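Commentary on secondary and tertiary structure
Chain residues, written in single-letter form:
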Amino acid sequence: MILSRKFVSDYIDLSDNLSIKQIAEDMTSVGNEYDSACKLIDCTNLTIGEVIKCENHPDSDHLHVCKVDIKTEVLDIVCGASNVRKGLKVIVAKVGAKLQGGDIKASVIRGQKSNGMLCSMEELGLDSKFLKEEDKNGICELPSEAPIGEDPIKYLNLDDEVIDFELTANRGDLLSVLGLSYELGAIYDKKVKDIDLSYKTIDESILDQFSVDVETDKCKLFLAKKVKNLKIEESPDFIKNRLIACGIRPINNVVDISNYVMLETGQPLHFYDADRLGNKLIVRMANDNEVLTTLDNVERTLDSSDIVIATPNASVGLAGVMGGLTTEVENDTKNIIIESAIFDSVSVRKTSKKILRSEASNRFEKGLDPNRTYMAIERCCNLLSKYANGSVLSDTVVYDKTVAKDKVINITEKNINDVLGTSISIEEIVKVFDKLGFSTTKSKDKITVTVPTRRLDINIKEDLIEEVGRIYGINNIKGKLPKLNIKCGTYDKTTRELRNKLVDLGLNEVLTQIFINDKEAHLYTNDSFETVKLLDPLSIEKNALRYTLIPSLMKVYNYNKVHNIKDISIFELAKGFYLKDNKYGEDYKLCSLMTGQYFMNVGSNLKIDFYVVKGIVEELLDYLGYKTRYSFVVDNIPKEFHPGMSASIVLQGKEIGIIGRLHPSISKEDVFVFEINLDKLLLNKVSTLKYKEIPKYLGMEKDVAFIVDKNITNKNIVDVIKKAGGRLLTNIEVFDIYEGDKIDASKKSIAYNLKFEDPTKTLTDEEVMNVFNKIINEVESKLNAKVRNGE
């Protein structure tokens, strides 16, 4: 929304000592940020001059040598405009003037001195869309009565200042000059002037000539009035200049009045040529594939989600977005029907996204005040009777299903001060509400506040507290430390420890977007859930929220693969989202992807396989205190995982994650991932970690390889080894897996390194061998295994 200082000054008295920059900063201090604050035409050293002599340049076929009287002196100026001539009043940029295109300097053009420049409006910085054709093709021609030596910008009433605000979505009331006036009135403690709604009607009623039928609940309010015998011509300068300042192109007095009132009140309006319209309007939902040609002469194909304004024969407008071409107000229009209405904001937004975003649709989307809807149509009649010589018919066609009542909210001084951390007195609080234009009544410590309908954003007492904080002034609220009993949590601490541990293990953290394509949402999981889809996605590839983090890490992997990076060890800590039983939920997850070589130390790398990744998972779970409580179970494996190199991670009988190699159909490379649901994991409490002393006595290590059936898992073997090894067996590590022509095709070989220690003494070979042989015997007898010899 662009604020014009001259426009807003019609309704509130602003001190001349306030600069436009200061007004912008003061508005920012109450929560209304701005993009720019400047003069409408920011040029210096301009004056009105008269061309008293104009001759062709002796060395050019298009230049002219002019003598220009600027009252204080006569300037020699070389000009290339085709419309320059003797007797013309012009805008002169003197030497030293600063224009949009640069500074004006004295120069010599093809042997002729030029001490200034004759300007077009475009050269002064006015956008070409605001200019007439004659202004685009030459210098600005001022009226013959323009006073020589005066400021041309003031003479043209373009000496305005503007602020371009970046408003928040909830402040639809500020999309109007009146709304901005109330906001400035609250800041500077000024009263807003009433708008002139007076006009005379003729002895003829619209109710006898015109009717409106509303056939959809998407229209809550529809007003119609009729104005006859209009004289369409150029708008008065004050209307044109205010529209230009607010970024809207002037067209003619009738069309400009509709835009002027929209800017003034915030209520979009539409004018229909009454003679082309007929005597009845119908508000309904469009039919699928219904066609409407809009004012921009584009044929639009509609559907049943669009609201249309129609006659009994055809649609004539797209509600809240754009009118139809067949009932457009043209230069020969004499009679019009004025529409002022409120349409469903969601429907208008959906339609405008498909068709066209406009000043009108922007206001409908934010919501409108029903009282302003009535005000706007009355204001239109006021201006049309004044500046278009219109005759207004009596009465108004009204369809109204709105509840236009002021909101009453009770609040106390304590409510406000407890939230803001202040000690504002009840008198100061009431003063703030008075500045905002809210009426109040006091009863002991309770304040009853009546909020006018123009403030759609205020509904509960917390909204009133925000208003007090804004207008009282954030800078006036003294900071102080909170007095709270804060109990240190463990969840964030655990995730930080996980992050640090993974970095210590040589993995790199990545941060990815939570948005994915909805077709990816159910990949890499067998869980039952509904995908959380976005109502307004950035693109089709980002139209849903992810459930598992694996698709996001796969995108990182593919990006690195394209850039020829083969060794990847990454992880992410983030949320997954789901919809179950009509309830939205989210889980905090840890996900990792590894492929290529795993860095061990300088000059030593290890090819990443299932057991490397499994070792990292074990290291993490042991570190968190879950040692001996988890297991890896070959069950419930998603189809995107390799069936022979994947497992579910189970903690105390409950699945908390997945680990494994991706299926060759997903990636031909050896890509391994694991994902753990941290919310499920951290529900399981761990006791305080106990530290044991580093052994004083040397241990002993033994290697053994077992040939077993392929259906025997590593866990089956480890469980038997642990039970047989007893207290002397302190560590088990897999260091080799073999399948090949040296053993039976139905068999595999798994080699283990076993470590034996006794904290009280140094073990003898005999003691170790007794336990070692027992382990071999148990594995052979219980798992039908054989010890593999050194072939």
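Let me sum up the structure you'll find in this document. Predicted, not measured: the structure shown is a model, and the values here were computed from it.

**Looking at the overall build of the protein chain**
Helix and strand counts for the protein chain stand at 20 helices and 44 strands. Radius of gyration (C-alpha) of the protein chain: 40 Å, far over the 28 Å computed for a compact globule of 791 residues. In terms of overall dimensions, the protein chain has a C-alpha envelope of 120 × 75 × 60 Å along the principal axes. Every one of the 791 residues in the protein chain was classed for burial, and the buried ones make up 48%. Considering only residue pairs separated by 6 or more positions, the protein chain has 68% of its internal contacts joining residues 24 or more positions apart. For the protein chain, the computed accessible surface area is about 40600 Å², with 48% contributed by carbon and sulfur atoms. The average position of the 108 basic charges and that of the 122 acidic charges among the side chains of the protein chain differ by 5 Å.

**A look at the pattern of salt bridges**
Tallied over the entire structure, the rule returns 54 salt bridges. A salt bridge links arginine 5 to glutamate 161; the nearest nitrogen and oxygen atoms lie 3.2 Å apart. Of this pair, arginine 5 sits in helix α1 (residues 5-8) while glutamate 161 sits in strand β12 (residues 161-165), and the two are 156 residues apart along the sequence. Salt-bridge contacts for arginine 363 lead to glutamate 359; the nearest nitrogen and oxygen are separated by 2.7 Å.

**Concerning the packing of helix α12 (residues 413-420) against helix α14 (residues 461-472)**
Two quantities define a packed helix pair, namely the angle between the axes and the distance from one axis to the other. α14 packs onto α12 with a crossing angle of 65° between their chain directions and a minimal axis gap of 10 Å. Classed by the angle they form, the pair α12 and α14 counts as roughly perpendicular. Where α12 crosses over α14, the two elements pack in a sense that is right-handed. For the pair formed by α12 and α14, the contact residues are Asn415, Ile416, Val419 and Leu420 on the first element and Lys461, Ile465, Val468 and Gly469 on the second. The residue makeup of the contact of α12 with α14, split by class, is 5 nonpolar, 2 polar and 1 charged.

**Details of the pairing of strand β20 (residues 307-310)**
Regular strands place their side chains on alternate faces of the sheet. Residues of β20 alternate between two faces, with Ile307 and Ile309 on one and Val308 and Ala310 on the opposite face, all of them buried. Note that β20 and strand β21 (residues 315-318) share 3 bridges and pair antiparallel. The residue bridging alanine 310 from the neighbouring strand is serine 315, located in β21. Connecting β20 to the next strand, β21, in antiparallel fashion are 4 residues.

**Digging into the pairing of strand β43 (residues 747-756)**
Within β43, 9 of the 10 residues are buried, which leaves the element mostly enclosed by the surrounding structure. Across 10 bridges, strand β41 (residues 700-709) lies against β43 in antiparallel orientation. Residue pairing in the sheet places valine 704 in a bridge with tyrosine 752 of β43. Summarising the sheet, strand β42 (residues 729-738) and β43 pair through 8 bridges and their orientation is antiparallel. If you follow leucine 729 over to β43, its bridge partner there is phenylalanine 756.

**Some remarks on the nonpolar core**
Counting residues in hydrophobic clusters, the biggest one holds 87 residues, and the most contacted among them are Phe222, Ile338, Phe343 and Leu384. With residues up to four places along the chain from it excluded, the contact list for phenylalanine 222 reads Val212, Leu281, Val283, Ile309, Glu339, Ser340, Ala341, Phe343, Val397, Val398 and Tyr399. Counting residues in hydrophobic clusters, the runner-up holds 32 residues, among them Phe610, Val612, Tyr630 and Ile659.

**Focus on the sheet that holds β43**
Paired through backbone hydrogen bonds, the strands of a sheet run either parallel or antiparallel to each other. In spatial order, the strands read β42-β43-β41-β44; together these 4 strands make up an open sheet with antiparallel pairing. Of all the strands in the sheet, the pair left with one neighbour each is β42 and β44 (786-787). Across the sheet, helix α20 (residues 765-783) touches β41, β42, β43 and β44, and the angle it forms with β41 is around 10°.

**Things to note about the side chain of serine 4**
Structurally, serine 4 can be placed in strand β1 (residues 2-4). A relative accessible area of 2% places serine 4 in the buried class. Separated by 3.2 Å, the side chain of serine 4 and the backbone nitrogen of phenylalanine 7 make a polar contact. Among residues more than four places away in sequence, those in contact with serine 4 are Asp160, Glu161, Val162, Ala245 and Cys246.

**Here's the deal with helix α16 (residues 550-562)**
Over its 13 residues, α16 runs 18 Å from end to end, which matches the ideal 18 Å to within 8%, given 1.5 Å per residue. Those residues of α16 hidden inside the fold are in contact with β30 (515-516), β33 (568-580), β34 (583-595), β38 (641-651), β39 (654-662) and β40 (672-677). Asparagine 564 occupies a position one or two residues after α16 and carries a positive phi of about 65°.

**Things to note about the environment of valine 397**
Checked against the element boundaries, valine 397 lands in strand β25 (residues 397-400). Taking the C-alpha atoms as reference points, valine 397 and alanine 224, separated by 173 residues in sequence, lie 5.0 Å from one another. Discounting residues that sit within four places of it in the chain, valine 397 has contacts with Ile206, Leu207, Phe210, Val212, Phe222, Leu223 and Ala224.

**Some words on the packing of aromatic side chains**
Per the stated rule, a full pass over the model turns up 11 aromatic pairs. Aromatic pair tyrosine 630 and phenylalanine 632: ring centres 5.9 Å apart, planes at 80°, arrangement edge-to-face. Judged by relative accessible area, which is 15%, tyrosine 630 ranks as buried. The structure contains a cluster of three or more aromatic residues connected by ring pairs, namely Phe7, Phe238, Tyr260 and Tyr387. Sitting above the plane of the tyrosine 182 ring, arginine 454 keeps its charged end 3.7 Å from the centroid.

**Structural notes on the sheet that holds β34**
The mixed open sheet is built from 7 strands, whose spatial order is β29-β33-β34-β40-β39-β38-β37. Looking at strand neighbours, the two that pair on one side only are β29 (508-509) and β37 (630-633), the edges of this open sheet. Pairing analysis gives 7 bridges linking β38 to β39, with the strands arranged antiparallel. When the sheet's bridge partners are listed, phenylalanine 641 is paired in β39 with leucine 662. Strands β33, β34, β38, β39 and β40 of the sheet are contacted by α16, whose axis makes an angle of about 35° with β34.

**Quick word on the state of the cysteines**
A complete count under the given rule lists 0 disulfides for this structure. The thiol of cysteine 54 is not disulfide-bonded; the next cysteine sulfur, from cysteine 66, is found 3.9 Å away. The exposure class of cysteine 54 is partly exposed, given its relative accessible area of 24%.

**Structural notes on unusual backbone geometry**
A positive phi angle, close to 55°, is found at lysine 444, a residue other than glycine. Classification of lysine 444 as exposed rests on a relative accessible area of 82%. The backbone phi angle of asparagine 784 is positive, close to 55°, even though this residue is not glycine. Within the secondary structure, asparagine 784 is located in the loop between α20 and β44. A relative accessible area of 54% places asparagine 784 in the exposed class.

**What to know about the environment of leucine 511**
With respect to the element layout, leucine 511 can be found in the loop between β29 and β30. The exposure class assigned to leucine 511 is exposed, which follows from its relative accessible area of 74%. With 63 residues separating them in the primary sequence, leucine 511 and alanine 574 have C-alpha atoms 8.2 Å apart.

**A short note on the packing of helix α7 (residues 253-265) against helix α11 (residues 370-387)**
Two elements in contact, α7 and α11, have axes separated by 10 Å at closest approach and are oriented at 145°. For the crossing formed where α7 meets α11, the hand is right-handed. Two secondary-structure elements touch here, α7 through Asn253, Val254, Ile257, Tyr260, Val261, Glu264 and Thr265 and α11 through Arg372, Met375, Ala376, Arg379, Cys380, Leu383, Leu384 and Tyr387. In terms of residue class, the contact of α7 with α11 is made up of 10 nonpolar, 2 polar and 3 charged.

Parameters and conventions
Residues numbered from 1 in each chain as written. Predicted model: local features only at pLDDT ≥ 70, side-chain atom pairs only at ≥ 80, totals over all residues. Heavy atoms only, no water. Helix = DSSP H or I, 4+ residues; strand = E, 2+ residues; numbered from the N terminus. Rg over C-alpha atoms; globule rule 2.2 N^0.38 Å. Buried < 20%, exposed > 50% of the residue type's maximum accessible area, 1.4 Å probe, protein only. Contact = heavy atoms within 4.5 Å. Areas by Shrake-Rupley, 256 points an atom, 1.4 Å probe, with all protein chains shown as cover. Lys, Arg positive; Asp, Glu negative; His and termini not counted. Charge placed at Lys NZ, Arg CZ, Asp CG, Glu CD. Salt bridge = Lys/Arg side-chain N within 4 Å of Asp/Glu carboxyl O. Axes fitted to C-alpha atoms, helices over the stretch in contact; angles between N-to-C directions. Parallel < 35°, antiparallel > 145°, perpendicular 65-115°, else oblique. Left-handed = near helix turned anticlockwise from the far one by under 90°. Nonpolar A, V, L, I, M, F, W, Y, C, P; charged D, E, K, R; others polar. Pairing = 2+ DSSP bridges. Core = buried A, V, L, I, M, F, W, Y, C linked by side-chain atoms within 4.5 Å. Polar contact = N/O pair within 3.5 Å; in protein donor to acceptor, adjacent residues only side chain to side chain. Expected span 1.5 Å × (residues − 1). Phe/Tyr/Trp six-rings, centres within 6.5 Å; stacked < 30°, edge-to-face > 60°. Lys NZ or Arg CZ within 6 Å of the ring centre and 35° of its normal. Disulfide = S-S within 2.5 Å.

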